[in-house]
Amino acid sequence: LPDRTTLQCSVTLLGQRHWSERDVLEDVVGTDRFTAFATTIGTRIKVASHSGFMGSLDPDLCGDGGVYYAESDVEVAFPVSTFMPGTPQVANYKRSLLTQAAARVVWVEPKADTDDQKTMHPCLPQLYRDLRKSPFTVVVFPQKSGLFRVELVEEDEAAPVGPLMTGMVLSLPLLALMVRQTVVNFAIKRQQSASHHPMIQRRSMITSISTHSADQVPLSQFLSTNFLDQECD
């Protein structure tokens, strides 16, 4: 188990060329703005040779499909939709990776020359809903002005993690930094739960191993097995 708090946060592009879920899963190009954002929130990694936290990234299926960020006490793995292979053989794995991450970033581009989110992705309602079903989701809407509007979907709306807040409109460089810090803050908040803290998980595993592997033996047998008789002078 890792010593630091860990989190997997998927990053998915719903782009102008995407008219079906298959289009999303097969896209390995993305857009210039999306790629710039994805490579600014962390460092792009080769999954096969990466030694840090990888979450559910499979080296045999993901290729170079991950971005990684770490601080002294936090590690975050970002599976990025357009960085992973788009072959039909990995489509189910890729969808599961994107929609089952503990936190998610969804980049939603309009279908027309408009900022109205109601015009977006009429053929992708189920995937969009699945991506938003998360304890924490950041939805990014590019605007015609070149800025980016943010919407947060939080399970615990009474205690927002910040610094991002719904309705903020940011430039691209600031957007990446703010999204990353908000994801890190969510990871720290999440680890306060006993079931997610790495030390609590480690103690639970040690207890489970000792409970299931314990073998009751008489004290005399234990002593004779582990100690040798030695005559006193």
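Residues numbered from 1 in each chain as written. Predicted model: local features only at pLDDT ≥ 70, side-chain atom pairs only at ≥ 80, totals over all residues. Heavy atoms only, no water.

**Side note on the overall build of the protein chain**
Of the regular secondary structure elements, the protein chain holds 8 helices and 8 strands. If you take every contact in the protein chain between residues at least 6 apart in sequence, the share linking residues at least 24 apart comes to 62%. Summed over all atoms, the accessible surface of the protein chain reaches about 12700 Å², with 54% contributed by carbon and sulfur. (Helix = DSSP H or I, 4+ residues; strand = E, 2+ residues; numbered from the N terminus. Contact = heavy atoms within 4.5 Å. Areas by Shrake-Rupley, 256 points an atom, 1.4 Å probe, with all protein chains shown as cover.)

**Remarks on the sheet that holds strand β4 (residues 74-79)**
The strand order across the open sheet built from 8 strands is β2-β3-β4-β1-β5-β6-β7-β8, with neighbouring strands paired in mixed fashion. This sheet does not close on itself; its edge strands, each paired only once, are β2 (43-45) and β8 (169-170). Both β2 and strand β3 (residues 66-70) contribute to a ladder of 3 bridges, which runs antiparallel. Bridged to Thr43 within β3 is Tyr68. (Pairing = 2+ DSSP bridges.)

**Things to note about the layout of surface pockets**
Looking at the second largest pocket, its volume works out to about 170 Å³. Lining of the second largest pocket is provided by 10 residues; of these, Pro135, Glu155, Asp156, Phe186 and Lys189 occupy positions nearest its centre. Sorting elements by how many residues they give to the lining of the second largest pocket places helix α6 (residues 172-191) first, with 3 residues. Here the lining of the second largest pocket is built from residues that sort into 4 nonpolar, 1 polar and 5 charged. (1 Å grid on protein atoms, 1.4 Å probe; cavity = no way out; pocket = protein on both sides within 12 Å on 5 of 7 lines; lining within 4 Å. Points joined across faces, edges and corners; volume = space filled by probe spheres on them. Nonpolar A, V, L, I, M, F, W, Y, C, P; charged D, E, K, R; others polar.)

**Some details on the pattern of salt bridges**
For the coordinates displayed, the defined rule picks out 4 salt bridges. Residues Arg22 and Glu26 are paired through a salt bridge, measuring 2.7 Å at the closest nitrogen-oxygen approach. On the criterion of helical spacing, the pair formed by Arg22 and Glu26 is a turn pair, its members being 4 residues apart in helix α1 (residues 21-26). On the basis of relative accessible area, Glu26 is assigned to the partly exposed category, the value being 32%. (Salt bridge = Lys/Arg side-chain N within 4 Å of Asp/Glu carboxyl O. Buried < 20%, exposed > 50% of the residue type's maximum accessible area, 1.4 Å probe, protein only.)

**Looking at a nonpolar patch on the surface**
A surface patch of nonpolar side chains, amounting to about 480 Å² of accessible area, comprises Val217, Leu219, Phe222, Leu223 and Phe227. Considering the arrangement of structural elements, one finds Phe222 in helix α8 (residues 219-226). Residue class for Phe222 comes out partly exposed when judged on its relative accessible area of 40%. (Patch = residues over 30% accessible without salt bridge, like charges linked within 9 Å, V, L, I, M, F, W, Y side chains within 5 Å.)

**A short note on the packing of aromatic side chains**
In total, this model carries 4 aromatic pairs according to the counting rule given. Centroid distance Phe34 to Trp107: 5.7 Å. Interplanar angle 80°. Geometry classified as edge-to-face. Residue Phe34 is found in helix α2 (residues 32-40), and its partner Trp107 is found in strand β5 (residues 103-108); the two are separated by 73 residues along the sequence. Centroid distance Phe37 to Trp107: 5.3 Å. Interplanar angle 45°. Geometry classified as tilted. Of this pair, Phe37 sits in helix α2 while Trp107 sits in strand β5, and the two are 70 residues apart along the sequence. In this structure, Phe37 and Trp107 share a single accessibility class: buried. Here the aromatic cluster, defined as three or more aromatic residues joined through ring pairs, consists of Phe34, Phe37, Trp107 and Phe148. Here the guanidinium or amino end of Arg44 rests over the ring plane of Phe83, the centre of that ring lying 3.7 Å away. (Phe/Tyr/Trp six-rings, centres within 6.5 Å; stacked < 30°, edge-to-face > 60°. Lys NZ or Arg CZ within 6 Å of the ring centre and 35° of its normal.)

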